[in-house]
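# Breakdown of the fold
The chain contents come next:
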Amino acid sequence: RMMKQTATVQANIDFSDEQDAMAKFRTAMGLSPLMYAIFANSPICGGQLNGYKSFRGHIWTGTDKDRCGMLPFAFSPNVSFAHYVEYALDVPMYFIMRNGEYVDFTGIPFRRFLTHGHKGHYPMMEDWVLHLTTLFPEARIKSYLEIRSADSQPPELMLAMPALTKGVFYDSDCLQAAWDLVKGWSWDERM
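Residues numbered from 1 in each chain as written. Predicted model: local features only at pLDDT ≥ 70, side-chain atom pairs only at ≥ 80, totals over all residues. Heavy atoms only, no water.

Along the protein chain, the regular secondary structure elements total eight helices and nine strands. Against the compact-globule benchmark of 16 Å for 191 residues, the protein chain has a radius of gyration of 18 Å, which places it among compact chains. Once the C-alpha set of the protein chain is aligned to its principal axes, its extents read approximately 50 × 45 × 30 Å. By the burial criterion, 44% of the 191 residues in the protein chain qualify as buried. Within the protein chain, residue pairs in contact and separated by at least 24 positions form 65% of the contacts whose partners lie at least 6 positions apart. Of the roughly 10500 Å² of accessible surface on the protein chain, 57% is carried by carbon and sulfur atoms. Taken as two groups, the 18 positive and 21 negative side-chain charges of the protein chain have centres that lie 6 Å from each other. (Helix = DSSP H or I, 4+ residues; strand = E, 2+ residues; numbered from the N terminus. Rg over C-alpha atoms; globule rule 2.2 N^0.38 Å. Buried < 20%, exposed > 50% of the residue type's maximum accessible area, 1.4 Å probe, protein only. Contact = heavy atoms within 4.5 Å. Areas by Shrake-Rupley, 256 points an atom, 1.4 Å probe, with all protein chains shown as cover. Lys, Arg positive; Asp, Glu negative; His and termini not counted. Charge placed at Lys NZ, Arg CZ, Asp CG, Glu CD.)

Glancing now at helix H1 (residues 18-38). When the terminal C-alpha atoms of H1 are compared, their 28 Å separation across 21 residues agrees well with the 30 Å that a helix rising 1.5 Å per residue should span. Of the residues that open H1, the one with a side-chain oxygen 3.3 Å from the backbone nitrogen of Gln 19 is Asp 17. (Expected span 1.5 Å × (residues − 1). Polar contact = N/O pair within 3.5 Å; in protein donor to acceptor, adjacent residues only side chain to side chain.)

As a further point, take the sheet that holds strand S1 (residues 8-13). Within a sheet, each strand pairs with its neighbour through backbone hydrogen bonds, oriented either parallel or antiparallel. The three strands lie next to each other as S1-S9-S8, forming an open sheet whose pairing is antiparallel. A single partner strand is all that each edge strand has here, and the edge strands are S1 and strand S8 (139-141). Each strand of the sheet is rotated relative to its neighbour by a mean of 20 degrees, with strand direction disregarded. Two elements, S8 and strand S9 (residues 145-151), share three bridges in a ladder whose sense is antiparallel. Considered in S9, the bridge of Ile 141 is made with Leu 145. Contacting S1, S8 and S9, H1 runs over the sheet at an angle of about 5 degrees to S9. Seen against the sheet, helix H6 (residues 160-169) touches S1 and S9 and runs at an angle of roughly 30 degrees to S1. (Pairing = 2+ DSSP bridges. Axes fitted to C-alpha atoms, helices over the stretch in contact; angles between N-to-C directions.)

Below, the structure written as structure tokens:
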């Protein structure tokens with residue numbers, strides 16, 4: 001179901017430095033429950049109501065807890081790239097690519113691959129970049145920040161999520177106001 005019933009609109013935003021990245025990352029994680037609510041658009045499956053406003057969101061709550069969902073460390077006042085790297089190092093891998101072929105690495109944490117290799121292979125930067133694409137938290141850090149909490153929309157509304165994201169994340173006052181809105185929520189309230 002995750003692969004075939006979870007269409008989404010995502011927004012990718014850039015950042016100027018680590019401080020800017022972490023402010024945006026923390027805010028994106030904090031806003032993800034609101035993004036789910038604003039863009040909920042999957043209450044029907046197989047022609048019937050499914051009991052959810054965002055069935056896509058529901059499916060993701062049961063998809064691979066190691067690599068999906070909210071990341072508690074995002075809400076730390078001192079969150080840094082190092083926190084995200086530590087998280088990513090401990091997430092089990094799926095595969096690497098060698099000579100255009102997939103090599104199964106299912107269940108091997110990247111940290112173990114980094115220190116010991118696996119199946120006669122040793123890590124390359126391309127493996128790390130590929131591994132980061134297999135992590136699916138609500139906000140994902142690569143060379144940019146990816147915001148992932150919105151259901152797909154009809155074509156005429158498709159740009160609403162990126163437009164809202166641009167307005168919130170590229171204006172420092174709006175970014176701070178958005179964080180102020182959600183920073184006091186408990187973990188249970190976020191969930």
